[in-house]
Amino acid sequence: MNSRSNNLLSLRPEIPSARITSDMSSDERFQNQTLRPIIKLQNFLIISVFKNYIGKHKNRFYELTLQKRMEYIENAVQKDIKFRNSLKGLIIGQFTVEEYETYIQNSSALNKRMMNMVIERLKDQIQLLELAAMVQ
């Protein structure tokens, strides 16, 4: 493994709940071994990117009810292709070459897992998206 790979792997947080077992699918293994730690590492950047997305869309997010905000998050990540690709880039850019080679073998299914995880993370931290939280 080269120094870039070693450096990337050393930055990632450990997630004790992301277990790896012999009977799990390769996609699930990749999710727990690679995607979860990277998404956790990139958490605050993902939140900042989403806040910027809200601002570029005239802050309509802040006028919505909680349920509509949840839908807004889902729609932004699932239907805005440019935004979705930007989020994918934040995550894929943290892959080692070996992980990237695994990823390209089943990128469609792994992209779906990746974006679902990002959606859930944004929803779980919706309080960080409030206007008051933007004044940091």
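**Digging into the overall build of the protein chain**
- Looking only at helices and strands, the protein chain has seven helices and zero strands in total.
- Secondary structure elements of the protein chain, listed N to C terminal, follow the sequence α-α-α-α-α-α-α.
- Taking 14 Å as the expected radius of gyration for a compact globule of 136 residues, we find that the protein chain reaches 16 Å, a close match to that expectation.
- With the C-alpha coordinates aligned to their principal axes, the bounding extent of the protein chain is approximately 45 × 30 × 30 Å.
- In the protein chain, which comprises 136 residues, the share counted as buried stands at 41%.
- Looking at the protein chain alone, contacts between residues at least 24 apart form 70% of all its contacts between residues at least 6 apart.
- Carbon and sulfur atoms make up 50% of the accessible area of the protein chain, which amounts to about 8,200 Å² in all.
- Of the charged side chains in the protein chain, 20 are positive and 14 negative; the average position of the first set lies 6 Å away from that of the second.

**Digging into helix H3 (residues 43–56)**
- With 14 residues, H3 extends 20 Å between its outermost C-alpha atoms, agreeing within 8% with the 20 Å of an ideal straight helix rising 1.5 Å per residue.
- Within H3, the full set of buried residues consists of Asn-43, Ile-46, Ile-47, Val-49, Phe-50, Lys-51, Tyr-53 and Ile-54.
- At its buried positions, H3 is contacted by helix H2 (26–41), helix H4 (66–79), helix H5 (81–92) and helix H7 (107–124).
- Just beyond H3, the residue with positive phi is Lys-58, at close to 60 degrees.

**Let's talk about the environment of Lys-56**
- Examined against the element boundaries, Lys-56 turns out to sit in helix H3.
- Residues Lys-56 and Arg-69 lie 13 residues apart in sequence; the distance between their C-alpha atoms is 16 Å.

**Some points on the pattern of salt bridges**
- Summed over all chains, the structure comprises four salt bridges.
- Among the ionic pairs, Arg-12 bridges to Glu-99, the shortest N-O distance being 2.6 Å. With a gap of 87 residues between them, Arg-12 in the loop between helix H1 (3–11) and H2 and Glu-99 in helix H6 (residues 97–103) connect regions that are remote in the sequence.
- Residues Arg-69 and Glu-130 are paired through a salt bridge, measuring 2.5 Å at the closest nitrogen-oxygen approach. A residue pair is termed long-range when its members are at least 10 positions apart, and Arg-69 in helix H4 and Glu-130 in the segment after H7 qualify at 61 residues.

**Concerning the nonpolar core**
- Counting 32 residues, the largest nonpolar core has Phe-50, Phe-61, Leu-87 and Ile-91 as the members making the most contacts within it.
- Looking at this core, the elements that each hand over two or more residues are H2, H3, H4, H5 and H7.
- In contact with Phe-50, other than residues within four places in its own chain, are Phe-61, Tyr-72, Ile-73, Ala-76, Phe-83, Leu-122 and Leu-129.

Cut-offs used in this document
Residues numbered from 1 in each chain as written. Predicted model: local features only at pLDDT ≥ 70, side-chain atom pairs only at ≥ 80, totals over all residues. Heavy atoms only, no water. Helix = DSSP H or I, 4+ residues; strand = E, 2+ residues; numbered from the N terminus. Rg over C-alpha atoms; globule rule 2.2 N^0.38 Å. Buried < 20%, exposed > 50% of the residue type's maximum accessible area, 1.4 Å probe, protein only. Contact = heavy atoms within 4.5 Å. Areas by Shrake-Rupley, 256 points an atom, 1.4 Å probe, with all protein chains shown as cover. Lys, Arg positive; Asp, Glu negative; His and termini not counted. Charge placed at Lys NZ, Arg CZ, Asp CG, Glu CD. Expected span 1.5 Å × (residues − 1). Salt bridge = Lys/Arg side-chain N within 4 Å of Asp/Glu carboxyl O. Core = buried A, V, L, I, M, F, W, Y, C linked by side-chain atoms within 4.5 Å.

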